[in-house]
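# A look at the structure
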Amino acid sequence: MLYFSKLRITLVSLVSIFFIFIAASNFQNPEDSFISKKINLGLDLQGGSYLLLEIDNEPVEIQKLQNTTTVIRNFLKDKKISFNDLRIEDKKIIFNIPSDNIELVQSFFLDKEGDINPYYFQYKSHQFDVNIQDNEFTLTLSKYGLIEIKTSSQDQAIEIVRRRVDEVGTNEPNILKRGNNRILVELPGLDDPMRIKSLLGKTANLTFRFVTQNNNDTFGTEMLQFEDGTSEAMVSKRIILNGENLLDAQPQMNNQTNETVVSFTLDRVGAKRFGKATSTGIGKQLAIVLDGKIVSAPVIRDTIASGNGQISGNFTFQSATDLALLLRSGALPAPLNIIEERTVGPDLGQDSINAGVIALMIGFLLVIIFMFVKYRIFGLIANITLLINLFFLVGILTLFEATLTLPGIAGIILTVGMAVDANVLIFERIKEECKKEKNNIIAFDTGYVKSKTAIIDANITTLIAAVILFFMGSGPVKGFSVTLAVGIFTTLFSVYFIARMLTGLYVVRNKEKTELI
Amino acid sequence: MINFNKFYKLFNLISLSLVVASVLLLFFKGLNFGVDFKGGTLIELRSNDKNINVTSLRQSFNKMKLGDFNIKKFGNENDFLIKIEKKDTSANAIEVIKKDLTSSLGSSFNFRRVENVGPKVSSELLKSGIIAIALSLAAMLFYIWIRFEWQFSLGAILALFHDVIITLGLFSLFSLEINLSIVAAVLTIVGYSMNDTVVIYDRVRENLRKFSDIKIYELTNISINETLSRTIITSATTLLALVSIYLFGGEILKGFSLAMIMGVVFGTYSSIYIANPILVKLRVSQKTILKEDTE
């Protein structure tokens, strides 16, 4: 009953010592620490930036519709099926087919093997929903077609975001998908995310196009503003080169003009096209267009066949460096909007840690003084248990390399306050039992047994709250739920293994004592 | 033994009026939502220039024409908290503010914390906060129903509603800010208050089995008394920990710990004066429990 085997005592002690070591390893140099694991500090404690980006998929959808329209036009021409009024209206592709061909065309669009309207076997759905009314075909992106577009643009975007963030060279960035149209970027240690924000805010869609005076350009023309907003120019829609043809881009000083420029190297295809365009277009202006704005539009003086060139445009060294970086990392498939930003400076983080540690120490001290005054020797046992419990809690957080946030520290302090509850329940029960029962050992044992249901129910309710918080909460609040939940388990363990053993040993030695507790 | 049951009626009346007052406050005055739930920009600023104060900051922010904003001291003399309601999440919004501030008041500033929450995110956060609280209440209801009888479940959940509504009512009354950490606090209050109620209920159930001849009115009183010292000690240690967070844990945790302190006080009170009278009202008897045992 109240006998604790040597094996059990040794095991419990060993486990306790193990966790004390692990908890302590957080305060040592990584080299001489016992294990290489550490609690991660959340962004609110170590300082850093949290950015939530949302992909604006509208342009991608429109692009998709435009491409599909072209594909349909060519496809129908190929099959020699007459059609008319092919157009995009309100995100729908609409066209008319003469009555005799309707069934044929319908079969093309519902062909599971065909390319014209791809079929996703995993979703059992086509890319486009097809609706036929009289002679009119209406194609809308299906639910899964939209999901496909979103996930694929998210996949591309996260890759580009990662490249750009890596190029800036921040410390261990964390880049994650959120839902199917968001990207979370965590940048520890970065207290001014301005540069990264401006880098991520640009799509970096680069095109080389001729400036034209001729309205009858076969590809169409558009008026584009210059980057500095001072003037505009008419530019052909024909794209000579785009960012994909770029192999490398670097900021450079032009020795002759003493100007900062971005020099670039083209791949073979790009070099060929560039050579051809520059040889036929001598004397013309070549507009370098970035995200719909003209960076510069130099006049072509010579054929450039080497595939090397320069972009000038009143750059500072910083802006040239950033442009080169954007060009190297490639264009985003769609614009990104920053919909949530949280930045904490490193000094505030350190202040929070200091305040949290002080609050923890004072809270701990108050609780152990209270417990000792109230219960004397049993209070001492509860306090030893509480201390070991803290080591367990910190040790487990370390083992799992959990992220500690400021609310997480609050969770630890709260655990200190609530952890004694189980011991109090037990002690109070033993006290009651002692009034009825002369035998201390039996009173002690019934005390433990009878308080069990209350302790378990009481802890499960707190655990339920913590679990819900974990799944519904975000960021720092999640850290709170983690320490709270882990704290419940370590509390139960320390109460039933450590406190029970210590009280047991004490009771066995003081069997005859009349005022046990 | 203290006769808690003598005051059941009195305290029920008091609780009822507090709940009604809180509901009215929530309805007419509403809650002071922070940027987490309303969207907008929050800046924690530290100045190294002693001459800068709330007034001079307000003047410079007025010039920026950012719409409604609010500036207050935050903790110590040189720290300020600025909340701007405008939901401008454009990449350089903060940068513009920094520049404008430097040009009007000099460069002795340190932006210690910046939070910028777009309208979409804030409404999502609010929604998930409400769902979390509702879900936790439902989960508690369900758990107690399984562990006890429906009468207990009802009593516990009414006690929880009481605590949550009065805590929120006080937040409304004093215009304290509701942010993400307050939702965490409310959920923890739900857990704590439940914890307290469960301990007393556990004893009520045990006593119901033991004594068949004592009426529930007396029985709840006995159970409350038997668990009273535990109730007091646990509330005391929890409050010690929370007061320590409130006083020493820094400005950011103030709202959280304050909500928790209120919640623990009301949670302790409601496990005695809400949870138990409900059992009396519902005429819980040994039969209620025996049914459970034979099932």
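Anything mentioned here points back to the structure above.
Reading guide: rules and limits
- Residues numbered from 1 in each chain as written.
- Chains lettered and ligands numbered in written order.
- Predicted model: local features only at pLDDT ≥ 70, side-chain atom pairs only at ≥ 80, totals over all residues.
- Helix = DSSP H or I, 4+ residues; strand = E, 2+ residues; numbered from the N terminus.
- Rg over C-alpha atoms; globule rule 2.2 N^0.38 Å.
- Buried ≥ 20, exposed ≤ 12 C-beta atoms within 10 Å, placed from the backbone.
- Contact = placed C-beta atoms within 7 Å.
- Pairing = 2+ DSSP bridges.
- Axes fitted to C-alpha atoms, helices over the stretch in contact; angles between N-to-C directions.
- Parallel < 35°, antiparallel > 145°, perpendicular 65-115°, else oblique.
- Left-handed = near helix turned anticlockwise from the far one by under 90°.
- Nonpolar A, V, L, I, M, F, W, Y, C, P; charged D, E, K, R; others polar.

Secondary structure summary: chain B contains eleven helices and six strands in total. Here chain B has a C-alpha radius of gyration of 24 Å; the compact-globule value for 295 residues is 19 Å, and the former is much larger. Taken along its principal axes, the extent of the C-alpha atoms in chain B is 80 × 35 × 30 Å. Taken across its 295 residues, chain B has 49% of its residues classed as buried. For chain B, long-range pairs separated by at least 24 residues make up 76% of all intrachain contacts whose partners lie at least 6 apart in sequence.

Here the focus is the sheet that holds strand β19 (residues 308-315) of chain A. Residue and element names in this part refer to chain A. As summarised here, the arrangement of the three strands in space is β15-β16-β19, forming an open sheet in which the pairing is antiparallel. In the strand order of this sheet, the two ends are held by β15 (246-254) and β19, each with one partner. Ignoring strand direction, the axes of neighbouring strands in this sheet form an average angle of 25 degrees. Of the pairings in the sheet, the one linking β15 to strand β16 (residues 259-266) comprises eight bridges and is antiparallel in character. Paired with Ala249 across the two strands is Phe264, which belongs to β16. Across the face of the sheet, helix α8 (residues 317-329) comes into contact with β15, β16 and β19 while running at roughly 170 degrees to β15.

This part takes up the sheet that holds strand β10 (residues 182-188) of chain A. Read from one edge of the open sheet, eight strands run β9(A)-β10(A)-β2(A)-β20(A)-β5(B)-β2(B)-β4(B)-β3(B), paired in antiparallel fashion. Edge positions in the sheet fall to β9 (174-178) of chain A together with β3 (69-74) of chain B, since each of these pairs with one other strand and no more. Strand-to-strand twist of the sheet, defined as the mean angle between neighbouring strand axes without regard to direction, takes the value 20 degrees. Contacts from helix α4 (residues 93-105) of chain B reach β2 (40-47) and β5 (109-117) of chain B within the one sheet, and its direction differs from that of β5(B) by about 150 degrees.

Before going further, it helps to examine the packing of helix α12 (residues 440-472) of chain A against helix α7 (residues 180-210) of chain B. For any two helices packed against each other, the geometry comes down to the angle between their axes and how far apart the axes lie. It is the contact of α12(A) with α7(B), at a shortest axis distance of 8 Å, that shows an interaxial angle of 165 degrees. As the angle between them shows, α12(A) and α7(B) are arranged roughly antiparallel. By crossing handedness, the relation of α12(A) to α7(B) is classed as right-handed. Within the contact between the two elements, α12(A) uses A:Thr453, A:Ala454, A:Asp457, A:Ala458, A:Thr461, A:Thr462, A:Ile464, A:Ala465, A:Ile468 and A:Leu469 and α7(B) uses B:Ala184, B:Leu187, B:Thr188, B:Val190, B:Gly191, B:Tyr192, B:Met194, B:Asn195, B:Val198, B:Val199 and B:Asp202. Partitioned by chemical class, the residues of the contact of α12(A) with α7(B) number 13 nonpolar, six polar and two charged.

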